[in-house]
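# Remarks on the overall topology
The chain contents come next:
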Amino acid sequence: MDVTREDVLRCAALAHLSLREEEIEPMRLAMARMLTHAASLDELALDGVEPMLAGLGKPLPRREDEPRDTFTQAEALANAPEQDRGHFVVPKVL
């Protein structure tokens, strides 16, 4: 599948990535390989294959729900890029 330089730059902008000039071409090639592989899945003969909506009917493994030590507020906020009055500061979404 053909991927252009503009496609790479558009995807990078949407993902908030800054690519150096030397990273653009390898990224273009990688994207083309991924899209070609995804397109090849359309060629699979899936006639008569039932859709799989869940696992194999087996329950998911679960760990015991046991109390354990937790972080203190100071430990939780220790690596926060920004905090205010004991809370994480995040950008507004709406």
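I will try to describe carefully the structure that is included in this document. (Residues numbered from 1 in each chain as written. Predicted model: local features only at pLDDT ≥ 70, side-chain atom pairs only at ≥ 80, totals over all residues. Heavy atoms only, no water.)

## Details of the nonpolar core
Among the nonpolar cores identified, the biggest contains five residues, and these are Val 3, Val 8, Ile 24, Met 31 and Ala 32. Per-element tally for this core: the top contributor is helix H2 (residues 21-40), with three residues. Not counting the four nearest positions on each side in its chain, Ile 24 is found in contact with Arg 5, Val 8, Leu 9 and Leu 19. (Core = buried A, V, L, I, M, F, W, Y, C linked by side-chain atoms within 4.5 Å. Buried < 20%, exposed > 50% of the residue type's maximum accessible area, 1.4 Å probe, protein only. Helix = DSSP H or I, 4+ residues; strand = E, 2+ residues; numbered from the N terminus. Contact = heavy atoms within 4.5 Å.)

## What to know about the pattern of salt bridges
According to the stated counting rule, one finds five salt bridges in the structure shown. Notably, a salt bridge pairs Arg 5 with Glu 21, separated by 2.8 Å at the nearest N-O pair. Placement of Arg 5 in helix H1 (residues 5-14) and of Glu 21 in helix H2 is noted, with a sequence separation of 16 residues between them. The class of Arg 5 is partly exposed, set by a relative accessible area of 35%. Using a relative accessible area of 52% as the deciding quantity, one classes Glu 21 as exposed. A salt bridge links Glu 22 to Arg 20, with the shortest nitrogen-to-oxygen separation between them at 2.8 Å. With a relative accessible area of 54%, Glu 22 lands in the exposed category. Here the salt bridges do not stand alone but share partners, grouping Arg 20, Glu 22 and Glu 23 into one network. (Salt bridge = Lys/Arg side-chain N within 4 Å of Asp/Glu carboxyl O.)

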